[in-house]
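What follows is each chain in one-letter form.
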Amino acid sequence: MQPETWSIAELAAEYDVTLRTIRFYEDRGLLTPERRGTQRVYHPRDKVRLGLILRGKRLGFSLDEIAKIVDMYDAEPGEEGQLTYLLDQITTRRAELEQRRRDIDETLQDLAEVEARCHADLAALRTGKP
């Protein structure tokens, strides 16, 4: 029984990405499809890796971080090391996002205060009362 394989177009359609995106990940060494002449043939490992790459991007990881995470599975210290590293990266990413949220909340508060002052000043100008 032949293992399931996919063409670049099938993977692109399934993950809703462009062919160029997949080729870019290949150029970066994140995906290594089999070559049959001029055709790229993707195996289950490639499909899983593409899913992990795209999830990593959604979570805000850089391609270098994603590469390190997905490559750790195949190298020492293996899956345990991969998971430990990923947990550390998640902690770091979460802290960055929480700081960003605090910064956004503070900026929104500042904007609300300036907006209120502008409305008050505008009302005073229109009524002629300081």
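If you're wondering where the values come from, they're calculated on a predicted model, not measured in any experiment. (Residues numbered from 1 in each chain as written. Predicted model: local features only at pLDDT ≥ 70, side-chain atom pairs only at ≥ 80, totals over all residues. Heavy atoms only, no water.)

## Some thoughts on the nonpolar core
- The biggest cluster of nonpolar side chains holds 18 residues, and the ones touching the most others in it are Ile22, Tyr25, Leu30, Leu50 and Ile53.
- Elements that contribute at least two residues to this core include exactly helix 1 (8–15), helix 2 (19–27), helix 3 (44–58) and helix 4 (63–72).
- With four residues, helix 4 is the largest single contributor of residues to this core.
- Residues contacting Tyr25, with those up to four places away along its chain left out, are Leu30, Leu31, Leu50, Ile53, Leu54, Lys57 and Leu63. (Core = buried A, V, L, I, M, F, W, Y, C linked by side-chain atoms within 4.5 Å. Buried < 20%, exposed > 50% of the residue type's maximum accessible area, 1.4 Å probe, protein only. Helix = DSSP H or I, 4+ residues; strand = E, 2+ residues; numbered from the N terminus. Contact = heavy atoms within 4.5 Å.)

## A few points about the UniProt feature "coiled-coil region" (unreviewed entry) in the protein
- UniProt tags residues 87–117 as "coiled-coil region" (unreviewed entry).
- For residues 87–117, helix accounts for 100% and strand for 0%, while the C-alpha atoms at its two ends are 45 Å apart. (UniProt positions renumbered as here; feature names shortened; annotations may be inferred.)

## Some details on the UniProt feature "domain: HTH merR-type" (unreviewed entry) in the protein
- In the numbering used here, UniProt assigns the feature "domain: HTH merR-type" (unreviewed entry) to residues 5–72.
- Across residues 5–72 one finds 62% helix and 9% strand; the C-alpha atoms that close the span lie 24 Å apart.

## Description of helix 4
- Those residues of helix 4 lying buried are Leu63, Ile66, Ala67, Ile69, Val70 and Met72.
- Residues of helix 4 that are buried in the fold lie against helix 2, helix 3 and helix 5 (78–127).

## Some remarks on the pattern of salt bridges
- In total, this model carries seven salt bridges according to the counting rule given.
- A salt bridge links Arg28 to Asp64; its shortest N-O distance comes to 2.8 Å. Pair noted here: Arg28 is in the loop between helix 2 and strand 1 (34–36) and Asp64 is in helix 4, with a separation of 36 residues, a long-range link.
- Its salt-bridge partner being Arg49, residue Asp71 comes within 2.8 Å of it at the nearest N-O pair. Taken together, the residues Asp71 in helix 4 and Arg49 in helix 3 connect sequence positions 22 residues apart. (Salt bridge = Lys/Arg side-chain N within 4 Å of Asp/Glu carboxyl O.)

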